[in-house]
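# Working through the structure, step by step
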Amino acid sequence: MRKAIMAMALCFLAAAGTFAFAADVQKLVEERTVTLYPEGQLLGDMVIGARGKLQFIYVDRTLAEAVRVDPSVPEWLSWHAHHWGTDPVKGKTLFIVRYEAYKPWDFNTGDLAVGGRKVEPGDIRTRKAFVIEGEIPSGTVAMLALAIPAEFAPPGKAVVFAYMEESAEWVVPKK
């Protein structure tokens, strides 16, 4: 009887630890996310008339390691965060761009900019076959990984993230 109670207590603690860790990863993602709403207008907590939603998620060692050890993170996050620490990303800053179309959207990666630098095809770490561009229908959700030269998104500095005329400034966390 005592062993059964101990086993249940251990299972409960393990489950509670997993949920707490998942919440930590979610918090890390929220702290590292910059959101733009192309063609949208913010009214308090509401967004009106946006073509879609565009999120730049900064991937650093802290987030990459948290994602690697947490089996409950979304597949898209673990898939794109695995680029962190690889040779093609060394000396660069990694971002995951997650975009969702609310209305039909003519999306072009060349219209993205980080730190005043337009995204170039060589910056995209996601295989070309998996990058959704051009006319995308409403409801489409897609992601891609970008490796931007570090001087355009240095830790501790304010950086402007843009899509066409929409932009937001964000301070990249220090290492």
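Residues numbered from 1 in each chain as written. Predicted model: local features only at pLDDT ≥ 70, side-chain atom pairs only at ≥ 80, totals over all residues. Heavy atoms only, no water.

### Remarks on the overall build of the protein chain
- Scanning the protein chain from terminus to terminus reveals 3 helices and 12 strands.
- Counting the 175 residues in the protein chain, one finds 38% classified as buried.
- For the protein chain, long-range pairs separated by at least 24 residues make up 64% of all intrachain contacts whose partners lie at least 6 apart in sequence.
- For the protein chain, the exposed surface amounts to about 10,200 Å²; the carbon and sulfur share of it is 58%. (Helix = DSSP H or I, 4+ residues; strand = E, 2+ residues; numbered from the N terminus. Buried < 20%, exposed > 50% of the residue type's maximum accessible area, 1.4 Å probe, protein only. Contact = heavy atoms within 4.5 Å. Areas by Shrake-Rupley, 256 points an atom, 1.4 Å probe, with all protein chains shown as cover.)

### Regarding the pattern of salt bridges
- Enumeration according to the criterion identifies 7 salt bridges in this entry.
- We note a salt bridge from R32 to D60, for which the minimum N-O separation is 3.0 Å. One end of the pair, R32, is in the loop between α1 (2-31) and β1 (33-36); the other, D60, is in the loop between β4 (52-59) and α2 (61-69), with 28 residues separating them in the sequence.
- You can call D60 buried: its relative accessible area is 10%.
- Where E39 meets R51, a salt bridge forms, and the shortest distance between an N and an O atom there is 3.1 Å. Within this pair, whereas E39 is found in the loop between β1 and β2 (41-43), its partner R51 is found in the loop between β3 (46-48) and β4, the two being separated by 12 residues in sequence.
- One salt-bridge network, in which partners are shared between bridges, spans K27, E31, R32 and D60. (Salt bridge = Lys/Arg side-chain N within 4 Å of Asp/Glu carboxyl O.)

### Examining the packing of aromatic side chains
- Counted under the stated rule, the structure contains 10 aromatic pairs.
- Aromatic side chains F161 and W170 sit 5.9 Å apart centroid to centroid with 65 degrees between the ring planes, which places their arrangement in the edge-to-face category.
- Relative accessible area serves as the criterion here: at 15%, W170 is assigned to the buried category.
- Among the aromatic side chains, those forming a connected cluster through ring pairs are F56, Y58, F95, F161 and W170.
- Directly above the aromatic system of W76 lies the positively charged group of R98, at a separation of 5.1 Å from the ring centroid. (Phe/Tyr/Trp six-rings, centres within 6.5 Å; stacked < 30°, edge-to-face > 60°. Lys NZ or Arg CZ within 6 Å of the ring centre and 35° of its normal.)

### Thoughts on unusual backbone geometry
- The phi torsion at E39 lies on the positive side, around 65 degrees, for a residue other than glycine.
- Notably, M164 is not glycine yet its phi reads approximately 50 degrees, a positive angle.
- Structurally, the position occupied by M164 is in the loop between β11 (158-163) and β12 (166-171).

### Concerning the confidence of the model for the protein chain
- In the predicted model, the protein chain carries a mean pLDDT of 87, and 86% of its residues have values of at least 70.
- Across residues 4-22, confidence stays below pLDDT 50; counting only partners more than four residues off in sequence or on other chains, it has 5 contacts. (pLDDT = per-residue confidence, 0-100.)

### A look at the sheet that holds β4
- Overall, antiparallel pairing links the 4 strands, which are arranged β1-β4-β5-β10 in an open sheet. Each edge of the open sheet is held by one strand with a lone partner, namely β1 and β10 (141-149). Mean inter-strand twist for the sheet, computed between neighbouring axes without regard to direction, equals 20 degrees.
- Two strands pair when backbone bridges link them, and β1 and β4 are joined in this way by 4 bridges, in the antiparallel orientation. Along β4, the bridge assignment pairs T35 with Q55. (Pairing = 2+ DSSP bridges. Axes fitted to C-alpha atoms, helices over the stretch in contact; angles between N-to-C directions.)

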